[in-house]
Amino acid sequence: MTSGKDLRFEHIQKLSLPLSLIKGVGPKRAALLSLKGLNTVLDLLYFTPIRYEDRSNLTPIRCVENGSSCLVTGTVVE
């Protein structure tokens, strides 16, 4: 029977596993994450983005204000 202390140690060891062992993270994605200094699961847990960009709300182009940050959509004609 394993003690609670042993289980905690096992969980802590898993934090040092490389990101490439996470489902959906292949060699290419792991290389891109490594460029940001993200190599282990622990690195990923402590990573905080610089800012959050809400890309769910589209703003009509006619409503865009000068100097504001927003998401628009359009079609290039020429």
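These notes cover the structure that comes with them. (Residues numbered from 1 in each chain as written. Predicted model: local features only at pLDDT ≥ 70, side-chain atom pairs only at ≥ 80, totals over all residues. Heavy atoms only, no water.)

Bringing the overall build of the protein chain into the picture now. A tally of helices and strands in the protein chain yields three helices and zero strands. Secondary structure elements of the protein chain, listed N to C terminal, follow the sequence α-α-α. By the compact-globule yardstick of 12 Å for 78 residues, the protein chain is too spread out, its C-alpha radius of gyration being 21 Å. Dimensions of the protein chain, computed from the C-alpha atoms along their principal axes, are close to 70 × 25 × 20 Å. The buried share of the protein chain, taken over its 78 residues, is 8%. Contacts in the protein chain between residues at least 24 apart in sequence constitute 21% of all its contacts with a sequence separation of at least 6. Total accessible area on the protein chain stands at roughly 7,500 Å², and carbon and sulfur atoms take up 59% of it. (Helix = DSSP H or I, 4+ residues; strand = E, 2+ residues; numbered from the N terminus. Rg over C-alpha atoms; globule rule 2.2 N^0.38 Å. Buried < 20%, exposed > 50% of the residue type's maximum accessible area, 1.4 Å probe, protein only. Contact = heavy atoms within 4.5 Å. Areas by Shrake-Rupley, 256 points an atom, 1.4 Å probe, with all protein chains shown as cover.)

Attention shifts here to the environment of Phe-47. Tracing the sequence through the fold places Phe-47 in the segment after helix H3 (41-45). A sequence separation of 29 residues divides Phe-47 from Val-76, and the C-alpha atoms of the two residues are 37 Å apart. Those residues within four positions of Phe-47 in sequence are excluded, and the remaining contacts are Lys-36 and Leu-38.

Ranked by size, the top nonpolar core spans five residues in total: Leu-19, Val-25, Ala-30, Leu-33 and Leu-38. Residue contacts for Val-25: discarding those within four places in its chain leaves Leu-19, Ser-20, Ala-30 and Leu-33. (Core = buried A, V, L, I, M, F, W, Y, C linked by side-chain atoms within 4.5 Å.)

Another aspect to go through is the pattern of salt bridges. As enumerated under the stated definition, the model contains two salt bridges in all. Glu-53 is the salt-bridge partner of Arg-55, the closest N and O atoms lying 3.1 Å from each other. For Glu-53, a relative accessible area of 41% puts it in the partly exposed group. (Salt bridge = Lys/Arg side-chain N within 4 Å of Asp/Glu carboxyl O.)

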